[in-house]
Amino acid sequence: MTSVLQRKNKMAEQFFLFLFFFILGIAGTVFAWKLHWYEELLSVDDLAATMEMQWNYRTLLVQCLLKRGGTILFYVLISHTILGIPIFRVMTAWYSLSIGILMEALALQYGVWGIGVFTAGILPHYLFYIPAYLLVYRGCLRTRIEGGKGVLLFLTAFGVVIIGSITESYVNPFLLKNFLKLFIT
């Protein structure tokens, strides 16, 4: 019973860590923007080039599987060491800060359209990657607290990453191109 409570407390701590650094990323970007400490994140020309780009979906899928699968594999391997939870904490802070900065920079630069570019660009595949990350984190907690009962969670996370990679490779380019057609024209 106490191991379940410990796991839930650690998951709550992780959520609040994410929330804190996400808000910090947004606030830091607004502050930097007011100081005129920025360059144009994505020019309209860059967005138009993305819209016209011919995507090689299979190559993109292989790249996504290698990068995302490799990241999950790293987390699975590190979860069996004493560094598992601290590394998850650092990576959660980094990811949430990065997402906050990107979202706010696009919103400041393009207004509501910037939020649309952000949403079309990363939301569909992150609907899979975030749960995969949380599954591995939960598996890490089970490994650390209960002594190695996270194998099924790790395997499920790999399956979710495969689905996320397929989404990132085939769905995101389609959504991004169509959204950019609305944005640019």
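Counting of residues starts from 1 at the beginning of each chain's written sequence and follows it residue by residue. The predicted nature of this model means local features are confined to residues of pLDDT at least 70 and side-chain atom pairs, given and counted, to a pLDDT of 80 or more, with totals for whole chains, interfaces and linings taken over all residues. As a rule here, side-chain values come from all non-hydrogen atoms in the structure, and water together with hydrogens is ignored.

1. Re the environment of Leu141
Helix and strand labels come from DSSP, where a helix needs a run of H or I of at least four residues and a strand needs a run of E of at least two; each type is numbered from the N terminus. Its place among the elements puts Leu141 in helix α5 (residues 112-146). Put simply, Leu141 and Ser79 are 62 residues apart on the chain and 8.0 Å apart in space, counted from C-alpha to C-alpha.

2. Observations concerning the pattern of salt bridges
A side-chain nitrogen of Lys or Arg and a carboxyl oxygen of Asp or Glu constitute a salt bridge if their distance falls within 4 Å. Taken as a whole and judged by the stated rule, the model has two salt bridges. A salt bridge links Glu13 to Arg89; the shortest N-O distance between them is 2.8 Å. Here Glu13, found in helix α1 (residues 2-34), pairs with Arg89, found in helix α4 (residues 84-110); they are 76 residues apart in sequence, far enough to count as distant. Arg89 gets classed as partly exposed once you look at its relative accessible area, which sits at 23%. Whether a residue is buried, partly exposed or exposed follows from its accessible area with a 1.4 Å probe, protein chains only, as a fraction of its type maximum: under 20%, in between, or over 50%, in that order.

3. Considerations on the nonpolar core
Formed by 18 residues in total, the largest nonpolar core has its most connected members in Ile72, Tyr75, Phe88, Ala132 and Val136. Elements supplying a minimum of two residues to this core: α3 (57-78), α4, α5 and α6 (151-184). Here this core takes seven residues from α5, the largest share from any one element. Each residue touching Phe88, except ones within four places of it in the same chain, is listed here: Gln14, Tyr75, Ser79, Tyr133, Val136, Tyr137 and Cys140. What we call a nonpolar core is a set of buried Ala, Val, Leu, Ile, Met, Phe, Trp, Tyr and Cys residues that are connected through their side-chain atoms within 4.5 Å. Among the nonpolar cores identified, the runner-up in size contains 13 residues, and Phe22, Leu176, Phe179 and Phe183 belong to it. Pairs of residues are marked as contacts when any of their non-hydrogen atoms sit within 4.5 Å.

4. Quick look at a nonpolar patch on the surface
A patch is a set of surface residues, each over 30% in relative accessible area and not in a salt bridge, joined within 9 Å for like charges and within 5 Å for the nonpolar side chains Val, Leu, Ile, Met, Phe, Trp and Tyr. Residue burial considers only the protein chains on display, and all accessible areas are found by Shrake-Rupley using a 1.4 Å probe. Together, Leu65, Ile162, Ile166, Tyr170, Val171, Phe174 and Leu175 make up an exposed nonpolar region whose accessible area comes to about 580 Å². With respect to the helices and strands, Val171 occurs in helix α6. A relative accessible area of 35% places Val171 in the partly exposed class.

Honestly, it's all geometry; don't read function into it.
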